[in-house]
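Observations on the model geometry
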Amino acid sequence: MAYSNKVIDHYEHPRNVGSLDKSDDNVGTGIVGAPACGDVMKLQIKVENGVITDAKFKTYGCGSAIASSSLVTEWVKGMSIDKAMTIKNSDIAEELSLPPVKIHCSVLAEDAIKAAIRDYQLKHGISEPSPE
Amino acid sequence: MTIPITIAPPTDTTATESRAPIYLDYAATTPTDPRVVDAMLPYFTTIFGNAASRTHVFGWQAEEAVEAARREVAAVINADPKEITWTSGATEGNNLAIKGAVEFLAESGKKHVITVTTEHKAVLDTCKYLERHGVEVTYLPVDHEGLISVEQVAAAIRPDTAICSVMFANNETGVIQPIADIGALCRKHGVLFHTDAVQAFGKVPVDVDAHNIDLLSMSAHKIYGPKGIGALYVRRRRPRVRLAPQIHGGGHERGNRSGTLNVTGIVGFGFAAKLARENMPEESARILALREALQARLMRIPHASINGSVAHRLPGILNISFAYVEGESLLMGLKGIAVSSGSACTSASLEPSYVLKAMGRSDELAHSSLRITVGRFTTADEIDYIAGTIEREVARLREMSPLWEMVQDGIDLSTIEWTPH
């Protein structure tokens, strides 16, 4: 299995590994996937004035899954929530040159950022999900 | 004894380690021993005759080499050379043994086969094929150590059972089944007993008489011989086993398997078999010591578990899981070392290892498994290096793992409702 250089880079030097305080009102946490599938991503964002100021991730999964979630944390820092909600798995897959068999890793990363945003929104009484 | 081996570095230059890659996947295949290659060479260009050419010295010399190799292969398993049929490998041998026996016995009303859920696909897929053609197959489940019991086989035997196929040692876990007892039981009930001995041949003592075996599959490329050549042992006395040939065209190999013999491959297989037999006591002891040293070090890593019986296992295979770390990501961290994983990510189908699942391993532990095989050319330095690398990478990946974090926080993962995509 030949990994793209970008996937390897994220795997060897992952960006933003770690955790934010779940109980902090400004933090949104998304946990997606399942151990039985071999992929679990926890993605957290810190939001101030509608802008994501920090993002952290932890992933149990293959190199492509780690790279996908690491990349997302890199992208969303500095983004508004609305913009972050529009991140598409195809963008992630293209950036990392994921082969077809690994596309589902990018899908999970898209799910993760959306889940983190929704968690933040729920905490702030915004129960309506943003348009997909 | 060290044999100089030049292993070419991968052409994919993404590996940044300067050290040459270390091969520790001997269960998958082995490099052909340079001495075996030397033995084979004359048979490409000098002694190149067709072993079936009866009318000239080219054929006679080729035939002589084939028969010498046949004696060597037979000697490993205490068989008569007449009982060795050359094949293209063990996949073909498994097909020939099972389909050949069932087809031959169909006339007498035998239409039942017994096998095990952890067999190699060459056996399982052959059985699935037979099921589509009116044969009934019983797949015996294994216990959590990967073993079946003689009692299970006894309970499965029917008056119309043609053959029972149980692999001597498992290719993923190294687990060795109670072959002699199963063989004796089958003999008593007039059921043919076949064993896929690919991983065991030349590595642990295999005796077709002492182990009560009627059919046995072997492959050269697992014992430092070339790929593309194997053999099937077919018993000729007590009882005489008859097979319906699966490949027709000239009646070679006593009618069992037609086709011009792969003389160079056969010569290589014979020489590899000789080396294996002569070196077995010393080599298997050395390999066992290396594997046990690696095992002891890796088991000091928290939440590490060995897959498969520790007591009944081949010297060289270690299948181990590290909880909360996914197998393919661990493999990436072991660049420069060639091992394999039971993780779904490393299989084309995204399904985790069926062998580990059959042993009752959770999907997570199957995903987190590594198979490491020690072999003829493995050194203590290599064991040291891989142990250190695994320790480091498991720790690093656990730092990145949300599962490890939850476990450290005292959360019971089985209580979590996951949201799979």
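Thresholds, definitions, all that
Residues numbered from 1 in each chain as written. Chains lettered and ligands numbered in written order. Predicted model: local features only at pLDDT ≥ 70, side-chain atom pairs only at ≥ 80, totals over all residues. Helix = DSSP H or I, 4+ residues; strand = E, 2+ residues; numbered from the N terminus. Rg over C-alpha atoms; globule rule 2.2 N^0.38 Å. Buried ≥ 20, exposed ≤ 12 C-beta atoms within 10 Å, placed from the backbone. Contact = placed C-beta atoms within 7 Å. Expected span 1.5 Å × (residues − 1). Arc of directions from axis to C-beta. Pairing = 2+ DSSP bridges. Axes fitted to C-alpha atoms, helices over the stretch in contact; angles between N-to-C directions. Parallel < 35°, antiparallel > 145°, perpendicular 65-115°, else oblique. Left-handed = near helix turned anticlockwise from the far one by under 90°. Core = buried A, V, L, I, M, F, W, Y, C linked by C-beta atoms within 7 Å. Domains from an automatic or database assignment. Nonpolar A, V, L, I, M, F, W, Y, C, P; charged D, E, K, R; others polar.

Focus on the overall build of chain B
Within chain B, the regular secondary structure consists of 13 helices and 13 strands. For 421 residues, the compact-globule estimate of 2.2 N^0.38 gives 22 Å, and chain B sits close to it at 23 Å. Considering only C-alpha atoms, chain B reaches an extent of 75 × 55 × 40 Å along its principal axes. Within chain B, the proportion of its 421 residues that are buried is 50%. Considering only contacts in chain B between residues 6 or more positions apart, those separated by 24 or more positions represent 71%.

What about the overall build of chain A?
In terms of helices and strands, chain A carries 5 helices and 3 strands. Secondary structure of chain A in N-to-C order comes out as α-β-β-β-α-α-α-α. Since a compact globule built from 132 residues should have a radius of gyration of about 14 Å, the 14 Å found for chain A is in line with a globular shape. Along the first, second and third principal axes, the C-alpha set of chain A runs to 45 × 30 × 30 Å. For chain A, with 132 residues in total, the buried portion stands at 48%. Taking as baseline every contact in chain A between residues at least 6 positions apart, the subset at least 24 positions apart corresponds to 63%.

A look at helix H12 (residues 380-399) of chain B
Because the α-helix completes a turn every 3.6 residues, residues three or four places apart line up on one side. All names here are of chain B. Helix length check: H12, at 20 residues, gives a terminal C-alpha distance of 29 Å against a target of 28 Å (1.5 Å per residue), a fit within 8%. Among the residues of H12, those classed as buried are Ile 383, Ile 386, Ile 390, Val 394, Leu 397 and Arg 398. The buried residues of H12 occupy one face: seen down the axis, they fall within an arc of 95°. Along H12, exposed side chains directed more than 90 degrees from the buried face belong to Asp 381, Gly 388 and Arg 392.

Quick notes on the interface of chain A and chain B
A common way to express how large an interface is: the accessible area buried when the components associate. Facing 28 residues of chain A, the contacting portion of chain B comprises 24 residues. Secondary-structure elements contributing two or more residues to the side of chain A that touches chain B are helix H1 (5-12), strand E1 (27-34), strand E2 (39-48), strand E3 (51-60), helix H2 (63-76) and helix H5 (103-123) of chain A. Here the side of chain A that touches chain B gets 4 residues from one element, more than from any other, and that element is E1(A).

Focus on the sheet that holds strand E8 (residues 230-234) of chain B
Residue and element names in this part refer to chain B. Pairing is mixed across the open sheet formed by 7 strands, whose spatial order is E2-E8-E7-E6-E5-E3-E4. The sheet terminates laterally at strand E2 (84-87) and strand E4 (136-140), the two strands that pair on one side only. Here the average twist between neighbouring strands, direction ignored, is 20°. The pairing of E2 with E8 spans 4 bridges and is classified as antiparallel.

Re the packing of H2(A) against H5(A)
All names here are of chain A. With their axes 8 Å apart at the nearest point, H2 and H5 run at an angle of 40° to one another. When the axes of H2 and H5 are compared, the pair comes out oblique. Viewed along their axes, H2 and H5 form a crossing whose handedness is right-handed. Here H2 contributes Ser 64, Ala 65, Ser 68, Ser 69, Val 72 and Val 76 to the contact with H5, which in turn contributes Cys 105, Ser 106, Leu 108, Ala 109, Ala 112 and Ile 113.

Some words on the nonpolar core
Core analysis: the largest hydrophobic core is formed by 154 residues, its most contacted members being A:Val72, A:Ile113, B:Ala101, B:Tyr233 and B:Ala272. Sorting elements by how many residues they give to this core places helix H8 (residues 263-298) of chain B first, with 13 residues. Of the domains in this structure, domain 1 (22-32 + 280-412) and domain 2 (34-275) of chain B are the two that each give at least three residues to this core. Beyond its immediate stretch of four places on either side in the chain, B:Tyr233 contacts B:Ile77, B:Ala79, B:Glu83, B:Ile84, B:Val208, B:Leu215 and B:Leu216.

Notes on helix H4 (residues 90-106) of chain B
The first and last C-alpha atoms of H4(B) sit 23 Å apart over 17 residues, in line with the 24 Å expected at 1.5 Å per residue. H4(B) sits mainly inside the fold: 14 of its 17 residues count as buried.

A look at the domain arrangement of chain B
Residue and element names in this part refer to chain B. By the assigned domains, chain B splits into domain 1 (22-32 + 280-412) and domain 2 (34-275). Of the residues lining the interface, 25 residues belong to domain 1; the matching set on domain 2 comes to 31 residues. Of all the secondary-structure elements, those providing two or more residues to the side of domain 1 that touches domain 2 are H8, strand E10 (317-322) and helix H10 (354-358). Taken together, the residues of the side of domain 1 that touches domain 2 sort by class into 9 nonpolar, 13 polar and 3 charged.

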